[in-house]
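Observations on the three-dimensional arrangement
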Amino acid sequence: QVQLVESGGGLVQSGGSLRLSCSASGTYFSIDTFGWYRQAPGKERELVATITSGVGKTYADSVKGRFTFSRDSVNTVYLQMNNLKPEDTAVYYCNVRYKSLATLRQLEVWGQGTMVTVSS
């Protein structure tokens, strides 16, 4: 089973930067995909960016050129967010899809979420 710990949210002015981190721990065969999602008040959760092993990265159009998703180890990823806008305000969730060590089935786990607030 995998547990996620997120950090890095906070309050920033428009045009500012924040970096979110997500670390996975536990027992697993492999981590296939790391993802960041966000949910703004009154809106549905949406995909921000993903890193898939052997495939690469994807970004939502709304964050391309401003956000950078990186992985510096097997189990830690970062979301560097630059030129933040008020519409980026949301709770950001880390998501991991991994293969169970016992069954090799793909499972999914979510972090607790971290709030990002961008003031205008």
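Each remark here, short or long, concerns the structure printed above.
Let me sum up the structure you'll find in this document.

Cut-offs and rules
Residues numbered from 1 in each chain as written. Predicted model: local features only at pLDDT ≥ 70, side-chain atom pairs only at ≥ 80, totals over all residues. Heavy atoms only, no water. Core = buried A, V, L, I, M, F, W, Y, C linked by side-chain atoms within 4.5 Å. Buried < 20%, exposed > 50% of the residue type's maximum accessible area, 1.4 Å probe, protein only. Helix = DSSP H or I, 4+ residues; strand = E, 2+ residues; numbered from the N terminus. Pairing = 2+ DSSP bridges.

The next point concerns the nonpolar core. Core analysis: the biggest nonpolar cluster contains 31 residues, and Phe-34, Trp-36, Leu-79, Met-81 and Tyr-92 have the highest contact counts within it. Secondary structure elements with two or more residues in this core: strand S1 (2-7), strand S3 (18-26), strand S4 (30-39), strand S5 (46-52), strand S7 (67-71), strand S8 (76-81), strand S9 (90-99) and strand S11 (114-119). The element that contributes the greatest number of residues to this core is S9, accounting for five residues.

Going residue by residue along S11, you find Thr-114, Val-116 and Val-118 tucked away on one face and Met-115, Thr-117 and Ser-119 left uncovered on the opposite face. The pairing of strand S2 (residues 10-13) with S11 spans four bridges and is parallel. Looking at the pairing, Gly-10 lines up with Val-116 of S11. Note: S9 against S11, three bridges, orientation antiparallel. Bridging from a neighbouring strand, Val-91 pairs with Met-115 of S11.

Function-wise, these values are silent; they only describe arrangement.
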